[in-house]
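Commentary on secondary and tertiary structure
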Amino acid sequence: SRNPVANGFRLGTNFVMPRKSNGLLVTAWGLFVISLFLTAVDDDMTGWRCAATCAAMITKIKEWEGIYYFMFTIPNLLMLLSPIFVYRLNRSSCKMKWLNITALLCALYVLAFGIVNWVKPGFDLKVGYYLWLVSFWLLFLGFIFLKRGVQPDNVPQMQSAEATV
């Protein structure tokens, strides 16, 4: 098809979301939600419980361990708010660049937890953690494809068949 809009998904009035980005972002959001209900750490910590425990670490923010675990609240908030960001931000904006950088840093932070735990075992990581981790990398990749997508200002107007005859 010559019309790029036909190969994408119109989202709001700001831009056309490419199908590849759409699939990655929807998968990221779905895996994130699923990870909240699965066991993530040890035998009794579901994703919800881990997220709540990390958010509650704000009361222990004076301790290094409290800061470390509380910082996992930032990736969780990014994931929860990302559908709003996708809907509201213009892909060509500087804000989108910072959203990409933030998504990468969050994905690296979540990955670092697994690496640290692998080097110095302290937790028994379960499937919920791994789905949570994959969701952040898919979010980052989805943002990259979103940024490279079709700008609505550059979408050529299709002429109707009647106008060309």
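Residues numbered from 1 in each chain as written. Predicted model: local features only at pLDDT ≥ 70, side-chain atom pairs only at ≥ 80, totals over all residues. Heavy atoms only, no water.

1. Description of the packing of helix α4 (residues 73–88) against helix α5 (residues 94–119)
Note the following rule: The axes used here are C-alpha line fits, helices contributing only the stretch in contact, and every angle between their N-to-C directions lies in the interval 0 to 180 degrees. Under the scheme used here, helices are H or I runs from DSSP no shorter than 4 residues and strands are E runs no shorter than 2 residues, and both carry numbers assigned from the N terminus. Note: crossing handedness is left-handed where the near helix turns anticlockwise from the far helix by less than a right angle, and right-handed where it turns clockwise. Residue contacts are defined here by distance: any two heavy atoms, one from each residue, within 4.5 Å place the two residues in contact. The residue classification treats Ala, Val, Leu, Ile, Met, Phe, Trp, Tyr, Cys and Pro as nonpolar and Asp, Glu, Lys and Arg as charged. All others, Gly included, are polar.
Packing of α4 against α5 leaves a shortest axis separation of 10 Å and a crossing angle of 145°. Between α4 and α5 lies a crossing of left-handed hand. Residues I74, P75, L78 and F85 of α4 touch α5, and the partners they reach there are L99, T102, A103, C106, Y109 and V110. Its residues assigned to classes, the contact of α4 with α5 comprises nine nonpolar, one polar and no charged.

2. Section: helix α2 (residues 47–56)
This is how it is decided: Each residue is placed in one exposure class: buried if its accessible area under a 1.4 Å probe, protein chains only, is under 20% of its type's maximum, exposed if it is over 50%, and partly exposed if it falls in between. Directions pointing from the helix axis toward each C-beta atom define the arc.
Considered for burial, the residues of α2 that qualify are G47, C50, A51 and C54. Within α2, the buried residues cover an arc of 95° as seen down the axis, which keeps them to one side.

3. Section: the side chain of S135
Short version of the rule: N or O atoms within 3.5 Å of each other form a polar contact, as long as, within protein, one can give a hydrogen and the other can take it, and as long as residues adjacent in sequence are counted only when both atoms are side-chain atoms.
Among the structural elements, S135 can be located in helix α6 (residues 127–147). Classification of S135 as buried rests on a relative accessible area of 0%. A distance of 2.6 Å separates the side chain of S135 from the backbone oxygen of W132, its partner in a polar contact. Sequence-distant contacts of S135, defined by excluding residues within four places in its chain, comprise A28, L31, F32 and M79.

4. With respect to a nonpolar patch on the surface
Selection rule: In this analysis, a patch consists of residues with relative accessible area above 30% that form no salt bridge, clustered at 9 Å for like charges and at 5 Å for the nonpolar side chains Val, Leu, Ile, Met, Phe, Trp and Tyr. Surface accessibility follows the Shrake-Rupley procedure with a 1.4 Å probe radius. Residue values consider only the protein chains on display as shielding. Note on definitions: salt bridges are taken to be side-chain nitrogens of Lys or Arg within 4 Å of carboxyl oxygens of Asp or Glu.
Residues I58, I61, W64, I67, M71 and I74 make up a contiguous nonpolar surface patch of roughly 570 Å² in combined accessible area. Residue placement: W64 occurs in helix α3 (residues 64–70). Looking at W64, the relative accessible area reads 66%, which means it is exposed.

5. Re the environment of C106
As for its position among the elements, C106 is in helix α5. The exposure class assigned to C106 is buried, which follows from its relative accessible area of 4%. C-alpha separation for the pair C106 and F140, spaced 34 residues apart in sequence, amounts to 8.9 Å. Not counting the four nearest positions on each side in its chain, C106 is found in contact with I74, P75, L78 and F136.

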